[in-house]
Amino acid sequence: MNRRDSLLAALVASIWGFNFVVIDWGMDGIPPLLFVAIRFACVVFPAILFVAKPDAPWRVIAAVGVFMSLGQFGFLYVSMDAGMPPGLAALVLQAQVIFTILIAAGVLRELPTPTQAVGVTVGAVGLAVVAVGRGGHVSVVALSLCLLAALSWGIGNVVSRASGVKGGLSLTVWSAVVVPVPLLALSFAVDGPAAIGDALASFSWEAGVSTLYTAGLASLVGYGVFNTLLSRNPSSSVVPWVLLAPVVAMASAWLLLDQRPNTAELAGGLLLIVGVLVAMRPPRRASADQPDLVDVHDLAAQR
């Protein structure tokens with residue numbers, strides 16, 4: 001990549017990393033499922049009036065929305081509401097690469113390369129170190145919910161991979177259509193009408209700024225720029241920049257929220273990132289009589 005594209009990739013990763021702190025900052029007093037519903041309502045409208053529908057069946061668009069947006073961010077927001085720190089949440093979400101490889105192997109019969117198998121193993125060890133060393137300040141429930149968010153993201157990657165639909169801004173916008181109403185209904189069932197009414201009546205400027213940031217910058221601008229970079233650069237040159245996101249998230253949470261990661265979290269996080277980097281190495285070109293192996297770069301690009 002040239003210098004301009006590298007700077008753009010670093011900017012997008014920074015936007016996505018800081019996104020976790022912004023979510024934590026704006027969610028105070030607002031039920032998490034309601035907050036996700038509001039975010040994706042802003043992703044859909046008014047963008048859907050100007051962005052063409054992707055060339056894909058509705059069932060595929062809906063499935064991508066259910067797993068990549070509704071499931072991922074529903075679990076993520078509930079996890080953070082349950083006490084998951086922003087920096088650690090950004091780190092644990094990178095487990096989606098591991099889940100993607102494993103699910104693709106089981107569902108699509110796309111067996112991982114030996115290098116990818118090593119990366120998955122190293123990443124899994126890193127997650128185990130983070131889980132064991134959470135120091136009691138993060139509950140098992142919060143950590144499990146964040147892992148479910150990563151799992152949902154991984155399933156969405158495989159759904160998109162199997163469908164053959166290219167990722168892009170149009171898929172981001174149109175797949176978000178399935179998010180607001182189900183999450184609003186679920187919030188009504190879990191939190192109750194009174195809690196929702198109180199949250200909407202006291203919707204603060206912090207919550208408004210957080211929504212604008214997550215919907216406008218993180219979703220629309222972030223993915224628009226990211227997919228533009230993917231269209232003119234090899235995915236192996238673009239996708240690894242995403243690993244800057246947990247670094248930015250942990251650094252900003254440390255500086256702004258005084259949430260310092262402990263030694264085990266740092267060590268486990270380093271192992272996880274190393275494992276992801278190893279797993280994302282492009283496989284050697286398969287011979288003509290061998291089935292194609294799972295391409296993690298293409299799967300991540302669908303995000």
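Predicted, not measured: the structure shown is a model, and the values here were computed from it.

Asks: How would you explain the confidence of the model for the chain if you had to name every residue and give the values?
Replies: For the chain, per-residue confidence averages 82 on the pLDDT scale, and 85% of positions sit at 70 or higher. Across residues 299-303 the pLDDT falls below 50, and counting only partners more than four positions away or on other chains, this stretch makes 21 contacts in the model.

Asks: Could you give an account of helix 1 (residues 3-26), naming the residues involved and the relevant values?
Replies: Here helix 1 contains 24 residues, and its C-alpha end-to-end distance of 34 Å stays within 8% of the 34 Å for a straight helix at 1.5 Å per residue. With a side-chain oxygen lying 3.2 Å from the backbone nitrogen of R4, the N-terminal cap of helix 1 falls on N2.

Asks: Help me get a handle on the pattern of salt bridges, residues and values and all.
Replies: What the rule picks out here adds up to two salt bridges. When the shortest N-O distance is used, the salt bridge between D5 and R4 registers 3.8 Å. Note that R260 and D258 form a salt bridge whose closest N and O atoms lie 3.5 Å from each other.

Asks: Could you give an account of the environment of G126, with specific residues and numbers?
Replies: Its place among the elements puts G126 in helix 6 (residues 114-132). In sequence terms G126 and L270 are 144 residues apart; their C-alpha atoms lie 7.2 Å from each other. Discounting chain neighbours no more than four positions away, the residues touching G126 are G268, L271 and L272.

Asks: Can you explain helix 5 (residues 96-107)? Please cite residues and give values.
Replies: Note on helix geometry: an α-helix contains 3.6 residues per turn, so any two residues three or four positions apart are oriented the same way. The first and last C-alpha atoms of helix 5 sit 16 Å apart over twelve residues, in line with the 16 Å expected at 1.5 Å per residue. Looking at helix 5, one finds that the buried residues are Q96, V97, I98, T100, I101, I103, A104 and A105. One or two steps after helix 5, the chain reaches R109, where phi turns positive at roughly 60°.

Asks: Before we move on, could you go through the packing of aromatic side chains and cite the residues and values that matter?
Replies: According to the stated counting rule, one finds five aromatic pairs in the structure shown. Judged by centre distance (5.6 Å) and plane angle (75°), the rings of W25 and W205 are edge-to-face. Here W205 lies in helix 11 (residues 205-232) and W25 lies in helix 1, a separation of 180 residues in the sequence. Across the ring face of F73, the terminal group of R39 is positioned such that the distance to the ring centre comes to 4.3 Å. Looking at K53, its charged tip hangs above the ring of W58, at a distance of 5.4 Å from the centre.

Basis of the calculations
Residues numbered from 1 in each chain as written. Predicted model: local features only at pLDDT ≥ 70, side-chain atom pairs only at ≥ 80, totals over all residues. Heavy atoms only, no water. pLDDT = per-residue confidence, 0-100. Contact = heavy atoms within 4.5 Å. Helix = DSSP H or I, 4+ residues; strand = E, 2+ residues; numbered from the N terminus. Expected span 1.5 Å × (residues − 1). Polar contact = N/O pair within 3.5 Å; in protein donor to acceptor, adjacent residues only side chain to side chain. Salt bridge = Lys/Arg side-chain N within 4 Å of Asp/Glu carboxyl O. Buried < 20%, exposed > 50% of the residue type's maximum accessible area, 1.4 Å probe, protein only. Phe/Tyr/Trp six-rings, centres within 6.5 Å; stacked < 30°, edge-to-face > 60°. Lys NZ or Arg CZ within 6 Å of the ring centre and 35° of its normal.

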